[in-house]
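What follows is the residue order along each chain.
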Amino acid sequence: MTAEIRPRRLAAAGSLAHAVLGGEGPTSLPRVSALDPSALPPPRESRLGPEAFGSSGPETRRRLEAVLRGEGYFVSTGHQPVLLLGPLYVVYKVLTAISLAARLERTLGRPVVPLVWVAADDHDWAEVGRATLLDRSDEPHELVLPVPEGAGRRSVGSHLIDQELLRAIGDLSEILPESDFAPHYLKSIQNAYSEGRTLSEAFAGLLREVLGDRGYVWIDSVRPEIRRAAVPLMRRLLDHWDGALEAQAAGARALTEAGFEAPIAAVEGALPLFFDGGEGRRRIRPGAEESLRGWRERLETEPDGFSPNVASRPVLESFLLPVAATALGPGEIAYWSQLRPLFDFLDVRMPLIQPRAAWTLIEPRVRRTLARAEISPQDLAAGAEPVVVRLTREARPETVNRALRRFREEAEARLAEVEQAVADKLPGLRGTAGKTRKNVLNAADDLSRQVDRMTRQRLDVRVGQVRRAAASLFPGRRPQERVLNPFPFLCRYGPELIDRLAHETDAGVAASLAGAGTDG
């Protein structure tokens, strides 16, 4: 038996991403579903050469070179080089880009190559350096990398894998499920995370091991070729800093005026750029730590020290490369919704937007638990406890239930009469009567709780199954895809799971292109 792949809503109702995808948001994004091939700009030559890219196979390398020459397009997606590929949704994003690129290639009659932008210039170690895996007891087990000394403000791409990192993931063989597939995936992880490699190299190598040759390419954002090719765009930001600040403010204003919180928080006076001269990344504020002229001079002499922030990175990608479309998750859709003014200010065309695939993997044992408890996966979104309470209530002997219910109803009525009579005739005992009423009802509640405890003891097996199902579907009351790592699932179900996810994702992308659904 294998895991069921069930579609789920990408964006939560009421969220900014949900409003944008539903066409009700304060700003709109150009959707792939509205694609008119004649509306795309003509392909253009890339500002980067093929040496900057990794590819999943030789045929992909040939198609990449054609795109870079100006004969086709990219469909991009991206993520930080998170430990062990991070949560499941990272794989879903890449599969969405791969599927969309293949379909656009057939529509446009030109090579369209899926691209994974490995955002190694990020410095959020708290996100990059952790992975949550379901262990052999179906309990979430969190792996956390030690933060390298002085790394708090350094980009993750500057860190090499060392023995300390390898020790942090050394007990994977005791965590991952035992299966015929486990040795293969453990070997893949060992191959990717070898001493002296960067986290970006490990991420890209492991993704290649998991996905195989599916015709995609990747690029590491800290490569010097990118930094140098980005100089004209960054020069424009420095030359017209007041316009850049206003473009950022305009995007945020459109959202706040519509009642939404702007996802990209404004930092007063800061351009959407970072600089790292060796002491750690810092924001660029003309006139604060250094004059605008000084920053311009630094850009010419130290281009490798400059990097984009969350707002300018999408613009930079489309500035450097002919990106036709990009696959985004709900958080990215939210912050992209405030980027149109910055794209326009920098005279860069915003690519079309494709919501990524969103799935819930329901394993056979979880499916059996849901059936026995007569619940849906969504019933566990608030955690296991509401379902456990219901199961306990239903399992209580009906004769005990009736007796307790009757006692409480009659006790409340009789004690209320006593309290009222005392209040009328012996007001000095009113407090004592009230206390007696409270004590009796508390005793009834205590007896009811003891009945629950004994019932739960009889239900231990079912309650444990429900709790494990909740940990699998909504760990920490968050959607599975946003928390759980793919490797426990891969160890149980093998490469076929990726094949099935790719098939389901392709069907979802086809439906989206046909205009079915609004949130991917």
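Residues numbered from 1 in each chain as written. Predicted model: local features only at pLDDT ≥ 70, side-chain atom pairs only at ≥ 80, totals over all residues. Heavy atoms only, no water.

### Quick notes on the sheet that holds strand β9 (residues 282–283)
Picture the strands of a sheet paired through backbone hydrogen bonds; they go either parallel or antiparallel. Rules: Following DSSP output, two strands are said to pair if at least two bridges run between them. Strands here mean DSSP runs of E at least two residues long; helices mean DSSP runs of H or I at least four residues long; both are numbered from the N terminus.
Pairing is antiparallel in the open sheet, where three strands are placed in the order β9-β8-β10. A single partner strand is all that each edge strand has here, and the edge strands are β9 and β10 (306–308). Note: strand β8 (residues 273–275) against β9, two bridges, orientation antiparallel. Across the sheet, the residue bridging to Phe274 is Arg283, located in β9.

### Quick word on the confidence of the model for the chain
Applied cut-off: One number per residue, pLDDT, summarises how confident the predictor is, and it ranges from 0 to 100.
Per-residue pLDDT for the chain has a mean of 90; in total, 98% of the residues score no lower than 70. Averaged over each element, pLDDT in the chain is lowest for helix α18 (residues 398–425) (79) and highest for strand β13 (residues 359–362) (98).

### Looking at the pairing of strand β5 (residues 130–134)
As a general feature of sheets, a regular strand has side chains that alternate between the two faces. Under the convention used in this document: Here the term buried applies to any residue with accessible area under 20% of the maximum for its type, exposed to any over 50%, and partly exposed to those in between, with areas from a 1.4 Å probe on protein chains only.
Buried residues dominate β5, accounting for four of its five residues. Note that β5 and strand β6 (residues 140–144) share five bridges and pair antiparallel. What sits directly across from Leu134, in β6, is Pro140. Turn length for the β5-β6 hairpin, with the two strands adjacent in sequence and antiparallel, is five residues, and the turn residue Asp138 shows positive phi of about 65°.

### Details of the packing of helix α7 (residues 182–192) against helix α8 (residues 199–211)
Convention followed: Axes here mean lines fitted to C-alpha atoms, for a helix over just the part in contact, with angles spanning 0 to 180 degrees between N-to-C directions. Roughly parallel refers to an angle under 35 degrees, roughly antiparallel to one over 145, roughly perpendicular to one between 65 and 115, and oblique to any angle outside these ranges. If you view the pair so one helix is near and one far, a crossing is left-handed when the near helix is turned anticlockwise from the far one by less than a right angle, and right-handed when it is turned clockwise. Here, residues are in contact when the closest pair of their heavy atoms is within 4.5 Å. Residues are grouped as follows: Ala, Val, Leu, Ile, Met, Phe, Trp, Tyr, Cys and Pro are nonpolar; Asp, Glu, Lys and Arg are charged; all remaining types, including Gly, are polar.
Packing of α7 against α8 brings their axes to within 8 Å, and their N-to-C directions diverge by 155°. The angle between α7 and α8 falls in the class roughly antiparallel. Here the hand of the crossing between α7 and α8 comes out right-handed. For the pair formed by α7 and α8, the contact residues are Ser188, Ile189, Asn191 and Ala192 on the first element and Ala202, Gly205, Leu206 and Glu209 on the second. For the contact of α7 with α8, the class distribution of residues is four nonpolar, three polar and one charged.

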